[in-house]
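Observations on the three-dimensional arrangement
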Amino acid sequence: MTKPVVRPSVLAIDPYVPGKSGAPGAARVFKLSANETPLGPSPRAIEALRALAPEIAAYPDGAATRLRQAIGAAHGLDPERVVCGAGSDNILALIALSFLREGDEAIYTQHGFLAYRIVILAAGGVPVIAPETDYRASVDAILGKVTERTKIVFVANPNNPTGSFLPRSEIERLADALPSHVLLVVDAAYAEYVRREDYSPALELAATRENVAVTRTFSKIYGLAGLRLGWGYASAQVVDAMNRVRDPFNVSSAAIVAGVAALEDKAHLSAAATHNERWLPWLTREIEALGLEVLPSVANFIAIRFPLEAGRTAADADRFLTARGLVLRAIGAYGMPQFLRLTIGSEEANRLVVAALGEFVASWRAAPRAAHG
């Protein structure tokens, strides 16, 4: 050998490519590609960051004690069983590193978050995909993929990019049916947006079962995506394993103080949820009225299906919208090339998107008439 050899499972990883954030040539840009909150961060979080500035020469608390205590108080959890990280992606990676050996299998669903495949392969595991039904995870399909080599099941609830969810009863059925040695990881990044009585982020399951873990994030409704902050909750054994492999200072001082302040600002959290509760059904209704299909969503985004005909595809729509400064997310990497994902934005952005989509649909509907003179 003349050079270091990369582990084959690492070479099998397709690097995660974020949605685009710019629109060259557009006078104004509305970034609606990353599921960020249009309300921005809590003013309390901003003030906490300003107050921290003179202290950034010092290392943060490696245990993120204040933050774990604040999370515990906000959700009624034991802070000793909370582990924090640089985004929920970091928590997912810690779980994979802790519980997958070379050749072990981990399951995720057909249109599940791309990070699952990445963390599985990075840990040397084997990704196993369970088919979805109508862009929704199926408990039976997941259970049908379980083998003696299965060690982890990842379920996004709600799921990104489809916006679908599994009700509490189905998550409980899955947890009940899995072998006790298989860790069920419920990724509840969008839990704060859900307004369904039959939904649960599964924290109660993680609190009472040895083989259930939940991951959460501050990147969405709390508006702290730029600070990279997430957390997980699981049994003492699972958390102990994760703490053994995580970096000593994987959460910055800035993320800690901003996270604590964001949790304390209940009014800002409520305003963000209320905004989404208003505009999610409005966008769904208005876009469907244009003749486009919108997948039912309980999160802060919707997936819009476009025809496959030339000039009418999702790629055509993406170019049309981007030229007008409206940046959506192409989700072909999720096996959904005919869809664009639209984040619920500000009122201005939402109305502009509907108007632009109306122009796009009118243009390709008018084309056949023009062709015949």
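What you are looking at is a predicted structure, and each value in this text was computed from that prediction instead of being measured. (Residues numbered from 1 in each chain as written. Predicted model: local features only at pLDDT ≥ 70, side-chain atom pairs only at ≥ 80, totals over all residues. Heavy atoms only, no water.)

**Quick look at the overall build of the chain**
Spelled out, the test is: Working definition: helices are DSSP H or I runs of at least four residues, strands are E runs of at least two. Numbering for both runs from the N terminus. Two things to know: the radius of gyration comes from C-alpha atoms, and the globule rule equals 2.2 Å times the number of residues to the power 0.38. Exposed residues in this analysis have more than 50% of their type's maximum accessible area, buried residues have under 20%, and partly exposed residues fall in between, with area computed by a 1.4 Å probe over protein chains only. The contact definition used throughout considers only heavy atoms, calling two residues in contact when any of these lie within 4.5 Å. Methods summary: accessible areas were calculated by the Shrake-Rupley approach with a probe of 1.4 Å, and residue burial reflects only the protein chains presented.
Scanning the chain for helices and strands turns up 13 helices and 13 strands. Here the chain has a C-alpha radius of gyration of 21 Å; the compact-globule value for 373 residues is 21 Å, and the two agree. Dimensions of the chain, computed from C-alpha atoms along their principal axes, come out at roughly 70 × 55 × 50 Å. Taken across its 373 residues, the chain has 54% of its residues classed as buried. Pairs at least 24 residues apart make up 76% of the contacts formed inside the chain by residues separated by at least 6 positions. Accessible area for the chain stands at about 16500 Å²; split by element, carbon and sulfur atoms hold 55% of it.

**Things to note about the sheet that holds strand E9 (residues 293-294)**
The strands that make up a sheet pair up through hydrogen bonds in the backbone, lying either parallel or antiparallel. How we decide: Two strands qualify as a pair provided that DSSP identifies no fewer than 2 bridges between them. Only the contacting stretch of a helix is used when fitting its axis, a line to C-alpha atoms as for every element, and angles between N-to-C directions run 0 to 180 degrees.
Strand order in the open sheet formed by four strands is E9-E10-E13-E12, and the pairing between neighbours is antiparallel. Every other strand in the sheet has two partners, leaving E9 and strand E12 (329-330) as the edge strands with one partner each. Sheet topology note: the E12/strand E13 (residues 339-343) ladder contains two bridges and is antiparallel. Within E13, the position partnered with Arg-329 by the bridge is Arg-341. Here helix H11 (residues 266-289) sits on the sheet and contacts E9, strand E10 (301-305) and E13; the angle it forms with E10, its principal contact strand, is near 10 degrees. Across the sheet, helix H12 (residues 314-322) is in contact with E12 and E13; its angle to E13 comes to roughly 40 degrees.

**Quick notes on the UniProt feature "domain: Aminotransferase class I/classII large" (unreviewed entry) in the chain**
Note the threshold: UniProt positions are given in the numbering used here, feature names are shortened, and annotations may be inferred rather than shown by experiment.
Listed under "domain: Aminotransferase class I/classII large" (unreviewed entry) in the UniProt record, and renumbered for this structure, are residues 29-357. Helix makes up 39% of residues 29-357 and strand 16%, and the two end C-alpha atoms of the span are 16 Å apart.

**Here we look at the domain arrangement of the chain**
As a reminder, the rule being used: These domain limits were set by an automatic method or by a database of domain assignments. Put simply, buried area is how much 1.4 Å-probe accessible surface two parts lose in total, over both of them, once they are put together. By convention in these notes, a salt bridge is any Lys or Arg side-chain nitrogen within 4 Å of a carboxyl oxygen on Asp or Glu. Pairs of N or O atoms are called polar contacts if they sit within 3.5 Å, as long as, within protein, a hydrogen donor faces a hydrogen acceptor (for residues adjacent in sequence, only side-chain-to-side-chain pairs). Gly falls in the polar group here, along with every residue not listed as nonpolar (Ala, Val, Leu, Ile, Met, Phe, Trp, Tyr, Cys, Pro) or charged (Asp, Glu, Lys, Arg).
Along its sequence, the chain is carved into domain 1 (6-38 + 265-364) and domain 2 (41-264). On a C-alpha basis, the centroid separation for the pair domain 1 and domain 2 is 24 Å. Across the domain 1/domain 2 interface, buried area totals approximately 3000 Å², and carbon plus sulfur atoms make up 61% of it. It is Asp-265, Val-298 and Tyr-334 in domain 1 that bury the most area against domain 2; as a group they hold 24% of the surface buried on that side. Here domain 1 and domain 2 share one salt bridge between them. The salt bridge involving Arg-195 is made with Glu-277; its shortest N-O contact spans 3.9 Å. The interface formed by domain 1 and domain 2 includes 15 residue pairs in polar contact (both at pLDDT 80 or more). Within the residue set of the side of domain 1 that touches domain 2, elements represented by two or more residues are helix H1 (8-11), H11, E10 and E13. Partitioned by chemical class, the residues of the side of domain 1 that touches domain 2 number 19 nonpolar, nine polar and seven charged.

**Let's talk about the UniProt feature "modified residue: N6-(pyridoxal phosphate)lysine" (unreviewed entry) in the chain**
Mapped onto this numbering, the UniProt entry annotates "modified residue: N6-(pyridoxal phosphate)lysine" (unreviewed entry) at Lys-220. Taking the relative accessible area as the measure of exposure, Lys-220 reaches 15% and is therefore buried. Dropping the residues within four chain positions of it, Lys-220 is found in contact with Ala-34, Asn-35, Thr-37, Ala-189, Tyr-190 and Tyr-193.

**Regarding the packing of aromatic side chains**
To keep it simple, the criterion reads: Ring pairs shown here join Phe, Tyr and Trp side chains whose ring centres sit within 6.5 Å, with only the six-membered ring taken for Trp; geometry is labelled stacked below 30 degrees between planes, edge-to-face above 60, and tilted in between. The criterion for a charge sitting over a ring is simple: Lys NZ or Arg CZ within 6 Å of the ring centre, and within 35 degrees of the ring normal.
One pass over the structure, following the stated rule, counts 11 aromatic pairs. Ring geometry for Phe-165 against Tyr-199: centres 6.1 Å apart, planes inclined by 70 degrees, an arrangement best described as edge-to-face. Taken together, the residues Phe-165 in the loop between strand E5 (150-156) and helix H7 (168-177) and Tyr-199 in the loop between strand E6 (183-187) and helix H8 (203-208) connect sequence positions 34 residues apart. Taking the relative accessible area as the measure of exposure, Phe-165 reaches 11% and is therefore buried. A relative accessible area of 8% means that Tyr-199 is categorised as buried. An aromatic cluster is defined as three or more aromatic residues linked by ring pairs; in this entry it consists of Tyr-108, Phe-113, Tyr-116 and Phe-154. When the ring centre of Phe-320 is taken as reference, the NZ or CZ atom of Arg-324 above it lies at 3.5 Å.

**Some thoughts on the environment of Asp-265**
Relative to the elements of secondary structure, Asp-265 occurs in the loop between helix H10 (253-264) and H11. Residue Asp-265 is classed as buried on the basis of its relative accessible area, which comes to 9%. As for Asp-265 and Tyr-222, which are separated by 43 residues in sequence, their C-alpha atoms are 9.5 Å apart. Apart from the residues within four sequence positions on either side, Asp-265 is in contact with Ser-42, Pro-43 and Arg-44.

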